Amino acid sequence: MKFGKIKKFILFGGGNLVLELTKILKAYGFKTIVFSSKRRLNEKIDNSTFQDYLMKSGQKYFESNDINSDNNLINILDEETIGLSAGAPWIFKKPLLNHFKGKLLNMHCRRLPKYRGGGGFSWQIMNNDRLGCSLIHEIESGIDNGQIIKVINFKFPASCVIPEDFEKYQLKKDIVFLKEFIKDIKLNNSFSKIIQNENDSEYWPRLDTKTHGYINWSWHLDSIILFINAFDRPYEGASTLFNGIRVHLKNCRILKDKVFHPFQNGLIYNKTKTDLFVATEQGTLIIGEVVSADSNNIFDKIKIGERLYTPTEYLDRALSTKIVFTPKGKKVSKN
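Since this is a predicted model, take the numbers as computed values, not measurements.

### As for the sheet that holds strand S5 (residues 61-63)
Here's step 1: Here seven strands make up an open sheet; going across it, the order is S5-S2-S1-S6-S7-S9-S10 and the pairing mixed. Only two strands of the sheet have a single partner each, and these edge strands are S5 and strand S10 (148-155). Averaged over all adjacent pairs, the angle separating strand axes in this sheet is 15°, with direction ignored.
Here's step 2: Where strand S7 (residues 104-108) and strand S9 (residues 131-138) come together, four bridges link them in antiparallel fashion. Bridge pairing in S9 places Leu-105 opposite Glu-138.

If you want it as structure tokens, here you go:
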């Protein structure tokens, strides 16, 4: 299939990927308009916000609470326009999809249909899955279920450990991929659509570190370290309790030099200037950074012989709570 003559791109979403897209599209001579939400416009990128970067670059943009009824969008749609979502905060409804006539697409940075839904790279890290992709698919009325327009597959290197690592590597791959895609559009090249195999479909919901990131010390050590890594930077860090106070753990690794009794789980049995050594049944969790809920480093306050623990009620709450991110912010509900 071909998209025909295209003069304009409408981008939906926010973050570094949308900023990179505006640069690529400008280089290829396409007119570009960004639609975002208050939540996404206020999101931090380095030491500024997404909105600040748009304003500094002179990029035209609109803030929208409900994209499906936004006249600023409806009035600028025509047959020479492609819509491309990259982290859009809305659900596109059928009447709007009909306006685009098959030219509303989504950039998905994880394999489909295996990683439908949200949660960033956290689910993939918990799954210990290093297969990656850059992918563009048609937006249909379901969740990430449209036909795939273009895809490249790759493997994340061993140096990718925490979400920040995966995001940086993914962005480099995405930029190369998007340059190829935009060039194909410019040249009106053909695309071969790929129908997703529904037998491989998996859906994973949104995650919120403060809600879901509690460590269960009864887990296997391998599962504990993957969980901690999954909520590390750019997030606040997986959490547990220390002397009744919530703390976040970062910069962790494991050492399987010895095993411990289950009653020793979470006990800090050794400490150096840089690391805490915590007992688990399968070995040692080495912690490099302990941060309080108000973002203060409290490593120096922790002594050997004390225990990190998570009450069952906290774990139950994490399992029973669902997070939904709307254009305005976060909503919490029960599963």
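Structure's up, so let's keep going.
### Some remarks on the pattern of salt bridges
Here's step 1: The full count for this structure, using the stated rule, is 16 salt bridges.
Here's step 2: Note that Arg-39 and Glu-43 form a salt bridge whose closest N and O atoms lie 3.4 Å from each other.
Here's step 3: The class of Glu-43 is partly exposed, set by a relative accessible area of 25%.
Here's step 4: In this structure, Lys-150 engages Asp-184 in a salt bridge whose closest nitrogen and oxygen atoms are separated by 3.4 Å. Taken as a pair, Lys-150 in strand S10 and Asp-184 in helix H7 (residues 163-186) lie far apart in primary sequence, 34 residues in all.

### What about the pairing of S7?
Here's step 1: With five of its five residues buried, S7 lies for the most part within the structure.
Here's step 2: As defined by bridge partners, strand S6 (residues 81-86) adjoins S7 across three bridges and the pair is classed as parallel. Looking at the pairing, Leu-84 lines up with Leu-105 of S7.
Here's step 3: Between S6 and its parallel partner S7, the chain crosses via helix H5 (residues 94-100), and the hand of that crossover is right-handed.

### Focus on the pairing of strand S13 (residues 245-255)
Here's step 1: Note: strand S12 (residues 238-242) against S13, five bridges, orientation antiparallel. What sits directly across from Leu-241, in S13, is Arg-246.
Here's step 2: Here S12 hands over to S13 after two residues, with Asn-243 in that stretch at a positive phi of 55°.
Here's step 3: Sheet analysis places S13 next to strand S16 (residues 283-292), joined by eight bridges and oriented antiparallel. Residue pairing in the sheet places Cys-252 in a bridge with Ile-287 of S16.

### A look at the packing of helix H1 (residues 15-27) against helix H3 (residues 50-57)
Here's step 1: One way to put it is that H1 packs onto H3 with a least axis distance of 10 Å and a crossing angle of 10°. Between H1 and H3, the angle falls in the class roughly parallel. Along its contact with H1, which presents Gly-15, Val-18 and Leu-19, the element H3 presents Phe-50, Tyr-53 and Leu-54.
Here's step 2: Counted by class, the contact of H1 with H3 contains five nonpolar, one polar and no charged residues.

### Concerning the sheet that holds S13
Here's step 1: As summarised here, the arrangement of the six strands in space is S14-S15-S16-S13-S12-S17, forming an open sheet in which the pairing is antiparallel. Two strands in the sheet have a free side with no partner beyond their single neighbour: strand S14 (268-271) and strand S17 (308-309).
Here's step 2: Relative to S17, S12 runs antiparallel, the two being bridged by two bridges. Bridge pairing links Phe-242 to Leu-308 in S17.

### Some details on helix H9 (residues 221-230)
Here's step 1: The buried fraction of H9 is high, at seven of ten residues.
Here's step 2: For H9, the full list of buried residues reads Leu-221, Ile-224, Ile-225, Phe-227, Ile-228, Asn-229 and Ala-230.

### A word on the nonpolar core
Here's step 1: One finds Leu-249, Leu-285 and Ile-287 to be the most contacted residues of the largest nonpolar core, which totals 33 residues.
Here's step 2: Counting residues per element, this core draws most heavily on H9, which supplies six residues.
Here's step 3: The residues contacting Leu-285, other than those within four sequence positions of it, are Trp-217, Leu-221, Ile-224, Ile-225, Ile-228, Cys-252, Arg-253, Ile-254, Leu-276, Phe-277 and Val-278.
Here's step 4: Grouped together as the second largest cluster of nonpolar side chains are 31 residues, Ile-6, Phe-30, Leu-84 and Ile-149 included.

### Comments concerning the packing of aromatic side chains
Here's step 1: According to the stated counting rule, one finds 21 aromatic pairs in the structure shown.
Here's step 2: Judged by centre distance (5.0 Å) and plane angle (25°), the ring pair of Phe-35 and Phe-62 falls under stacked. Here Phe-35, found in strand S2 (residues 31-36), pairs with Phe-62, found in strand S5; they are 27 residues apart in sequence, far enough to count as distant.
Here's step 3: By relative accessible area, which is 0% here, Phe-35 ends up buried.
Here's step 4: Judged by centre distance (5.7 Å) and plane angle (85°), the ring pair of Phe-121 and Phe-156 falls under edge-to-face. Of this pair, Phe-121 sits in the loop between strand S8 (116-117) and helix H6 (122-126) while Phe-156 sits in the loop between S10 and H7, placing them 35 residues apart in sequence. Taken individually, Phe-121 and Phe-156 each receive the classification buried, so the pair is uniform in this respect.

Thresholds applied
- Residues numbered from 1 in each chain as written.
- Predicted model: local features only at pLDDT ≥ 70, side-chain atom pairs only at ≥ 80, totals over all residues.
- Heavy atoms only, no water.
- Pairing = 2+ DSSP bridges.
- Helix = DSSP H or I, 4+ residues; strand = E, 2+ residues; numbered from the N terminus.
- Axes fitted to C-alpha atoms, helices over the stretch in contact; angles between N-to-C directions.
- Salt bridge = Lys/Arg side-chain N within 4 Å of Asp/Glu carboxyl O.
- Buried < 20%, exposed > 50% of the residue type's maximum accessible area, 1.4 Å probe, protein only.
- Right-handed = clockwise from strand over helix to strand, strands pointing away.
- Parallel < 35°, antiparallel > 145°, perpendicular 65-115°, else oblique.
- Contact = heavy atoms within 4.5 Å.
- Nonpolar A, V, L, I, M, F, W, Y, C, P; charged D, E, K, R; others polar.
- Core = buried A, V, L, I, M, F, W, Y, C linked by side-chain atoms within 4.5 Å.
- Phe/Tyr/Trp six-rings, centres within 6.5 Å; stacked < 30°, edge-to-face > 60°.

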